[in-house]
Number of protein chains: 2
Amino acid sequence: MKILKDTIREKSKIAEGEIVRVDSFLNHQVDVKLLGEIGREFKKLFADIEVNKIVTAEVSGIAIATVVAQHFDVPMVFARKTEVATISDDKYTAEVYSYTGGKTYKMMISKEYLDEDDKVLIIDDFLANGKAITGLIELVEKSGAKLAGVGVAIEKGFQVGGKALRDEGIRFEALVTIDKIEDGEIEFK
Amino acid sequence: MKILKDTIREKSKIAEGEIVRVDSFLNHQVDVKLLGEIGREFKKLFADIEVNKIVTAEVSGIAIATVVAQHFDVPMVFARKTEVATISDDKYTAEVYSYTGGKTYKMMISKEYLDEDDKVLIIDDFLANGKAITGLIELVEKSGAKLAGVGVAIEKGFQVGGKALRDEGIRFEALVTIDKIEDGEIEFK
């Protein structure tokens, strides 16, 4: 996706540990015009699958998944990472290890909003080791819903997440794939 | 806003402590069509003010603020509540007391995305005691930006937040105001 590659080249910053900071347009400040393009592109890439729900995880998946849900004209559900009084106790949970945070956290979706009638497209901003996506897949499986596909805006192709999904035969699309980061320069596939 | 009142009447649940659970359409599962109506309504209500940035707080403000930002055709910035490696260390911070959580947390916005040239509309899903909004206002003030207005989808009129904003002369709009909750029934203003 050319516009996303251009935006990453112009506006991202490389932080220690091969972290690509996209906080100027994707996960702190949010460029809603770019999100519109991203939503349109996902709709095109997944035109052949049936989807009645978009699923993502808080925090940084929410904005992108909201706009993708607009393009598919279906509801969006975001997995909660903290216990809140505002959702039911009856929920699916998954344990997820975070490499960036160096610890395990819990992901939750209320049983009211996911069941065996659902056809789910999982959407997230980033895919690196893929632990967050694996957690979301576990929640979808526990609910009995059908996993229709997984889409991420940015795949770090030099980490294992994308390969693992493809090896499992999951329908997976990344809008851009970063092949390597060298001397502060990003090379796309 | 009739459609929002109708949706709250049909789909919300009352939990202990006068908590109105709107997780079926606003802050866990998200009805993007309803968000579209909400975005349109805020644009109409704030048609007379100049806005170049929408500001909200993670987690439950993100989806609604994304759609409002589409209607204003401006970027959205969401305040972070957790330290993340993906944003700069150079940021504005505010301490916020949460009644639901019973403790104080920190709110942060990177200095890169808010400054004295900005005209900010703060958007959130709920206003009760108003501590989260007060934290966001503090961040906007620290940045030197102009606070153009504050909009929330649902105001709990029997709590102090809305009155405090109005008393300070802040341009404030709520799409619906809940007057009281009695025997599990919601009465709107």
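Asks: Before we move on, can you summarise the nonpolar core with the specific residues and values?
Replies: Counting residues in hydrophobic clusters, the biggest one holds 82 residues, and the most contacted among them are Leu4(A), Ile54(A), Leu4(B) and Ile54(B). Beyond its immediate sequence surroundings of up to four residues, Leu4(B) is in contact with Phe25(B), Leu34(B), Ile38(B), Ala153(B), Ile154(B), Leu175(B) and Val176(B).

Asks: I'd like a description of helix α4 (residues 131-143) of chain A, backed by residues and values.
Replies: All names here are of chain A. Relative to the 18 Å expected for 13 residues at 1.5 Å per residue, α4 spans 19 Å between its end C-alpha atoms, a close match to the ideal helical length. What α4 keeps buried is the set Ile-133, Gly-135, Leu-136, Ile-137, Leu-139, Val-140 and Ser-143. Where α4 terminates, the next one or two residues include Gly-144, which has phi positive at roughly 85°.

Asks: So what about the packing of helix α1 (residues 2-11) of chain B against helix α2 (residues 32-45) of chain B? Which residues, and what values?
Replies: Residue and element names in this part refer to chain B. Contact geometry of α1 with α2 gives a least axis separation of 10 Å together with a crossing angle of 145°. Crossing hand, α1 versus α2: left-handed. Residues Ile-3, Leu-4 and Thr-7 of α1 touch α2, and the partners they reach there are Leu-34, Glu-37 and Ile-38. Of the residues assigned to the contact of α1 with α2, the class counts are four nonpolar, one polar and one charged.

Asks: Account for the sheet that holds strand β8 (residues 119-127) of chain B, with residues named and values stated.
Replies: Here seven strands make up an open sheet; going across it, the order is β3(A)-β5(B)-β4(B)-β8(B)-β9(B)-β10(B)-β11(B) and the pairing mixed. Of all the strands in the sheet, the pair left with one neighbour each is β3 (29-30) of chain A together with β11 (185-188) of chain B. Strand direction decides the pairing type here: strand β4 (residues 53-57) of chain B and β8(B), joined by three bridges, are parallel. When the bridges of β8(B) are listed, Ile54(B) appears paired with Leu121(B). Here α2(B) sits on the sheet in contact with β8, β9 (146-156) and β10 (172-182) of chain B, set at roughly 120° to β10(B). Here helix α4 (residues 131-143) of chain B sits on the sheet and contacts β4, β5 (76-79), β8 and β9 of chain B; the angle it forms with β8(B), its principal contact strand, is near 165°.

Asks: Let's hear about the pairing of strand β10 (residues 172-182) of chain A: which residues, and what values?
Replies: Residues and elements named next belong to chain A. Burial of β10 is extensive: eight of the 11 residues sit out of reach of the surface. As defined by bridge partners, strand β9 (residues 146-156) adjoins β10 across six bridges and the pair is classed as parallel. Following the sheet pairing, Val-152 is matched in β10 by Ala-174. With four bridges connecting them, β10 and strand β11 (residues 185-188) associate as antiparallel partners. Following the sheet pairing, Lys-180 is matched in β11 by Glu-187.

Asks: Which residues make up the sheet that holds β10(A), and what values go with them?
Replies: A sheet is described by the order of its strands in space; here seven strands give the open sequence β11(A)-β10(A)-β9(A)-β8(A)-β4(A)-β5(A)-β3(B), paired in mixed fashion. The outermost strands of the open sheet, each flanked by one partner alone, are β11 of chain A together with β3 (29-30) of chain B. Here strand β8 (residues 119-127) of chain A runs beside β9(A); their pairing, made up of eight bridges, is parallel. By the bridge assignment for β9(A), Val120(A) is matched with Leu147(A).

Asks: Describe the side chain of Asp124(B), and please don't skip the residues or the numbers.
Replies: Of note, Asp124(B) is situated in strand β8. Within the buried set, Asp124(B) has no salt-bridge partner at all; the shortest N-O distance to an opposite charge, 7.0 Å, is to Lys81(B).

Asks: Mind laying out the environment of Thr93(A), listing which residues take part and the relevant values?
Replies: All names here are of chain A. With respect to the element layout, Thr-93 can be found in strand β6 (residues 91-98). The spacing of Thr-93 and Leu-139 is 46 residues in sequence and 6.4 Å in space, taken between C-alpha atoms. In this structure, Thr-93 is in contact with Lys-106, Met-107, Met-108, Glu-138, Leu-139 and Lys-142, ignoring residues within four places of it in sequence.

Asks: Break down the relation of the copies chain B and chain A for me, with residues and values.
Replies: When chain B is fitted to chain A, the best match, at an RMSD of 0.0 Å, comes from turning it 180° and sliding it 0.0 Å along the axis. Taken together, the rotation and translation describe the operation of a two-fold axis. Mapped onto chain A, 100% of the interface residues of chain B are again interface residues, and the two copies thus contact each other with one and the same surface.

Asks: Residue-level account of the packing of helix α2 (residues 32-45) of chain A against helix α3 (residues 62-72) of chain A, with values.
Replies: Residues and elements named next belong to chain A. The contact between α2 and α3 brings their axes to 8 Å, and the two run at 55°. Regarding the angle of α2 to α3, the classification is oblique. Handedness of the α2/α3 crossing: right-handed. Residue-level contacts link Leu-35, Gly-36, Ile-38, Gly-39, Arg-40, Phe-42 and Lys-43 of α2 to Ala-63, Ile-64, Val-67, Val-68, His-71 and Phe-72 of α3. Here the residues of the contact of α2 with α3 are counted per class, giving eight nonpolar, three polar and two charged.

Calculation notes
- Residues numbered from 1 in each chain as written.
- Chains lettered and ligands numbered in written order.
- Predicted model: local features only at pLDDT ≥ 70, side-chain atom pairs only at ≥ 80, totals over all residues.
- Heavy atoms only, no water.
- Core = buried A, V, L, I, M, F, W, Y, C linked by side-chain atoms within 4.5 Å.
- Buried < 20%, exposed > 50% of the residue type's maximum accessible area, 1.4 Å probe, protein only.
- Contact = heavy atoms within 4.5 Å.
- Helix = DSSP H or I, 4+ residues; strand = E, 2+ residues; numbered from the N terminus.
- Expected span 1.5 Å × (residues − 1).
- Axes fitted to C-alpha atoms, helices over the stretch in contact; angles between N-to-C directions.
- Left-handed = near helix turned anticlockwise from the far one by under 90°.
- Nonpolar A, V, L, I, M, F, W, Y, C, P; charged D, E, K, R; others polar.
- Pairing = 2+ DSSP bridges.
- Lys, Arg positive; Asp, Glu negative; His and termini not counted.
- Salt bridge = Lys/Arg side-chain N within 4 Å of Asp/Glu carboxyl O.
- Least-squares fit on C-alpha atoms with pLDDT ≥ 70 in both.
- Parallel < 35°, antiparallel > 145°, perpendicular 65-115°, else oblique.

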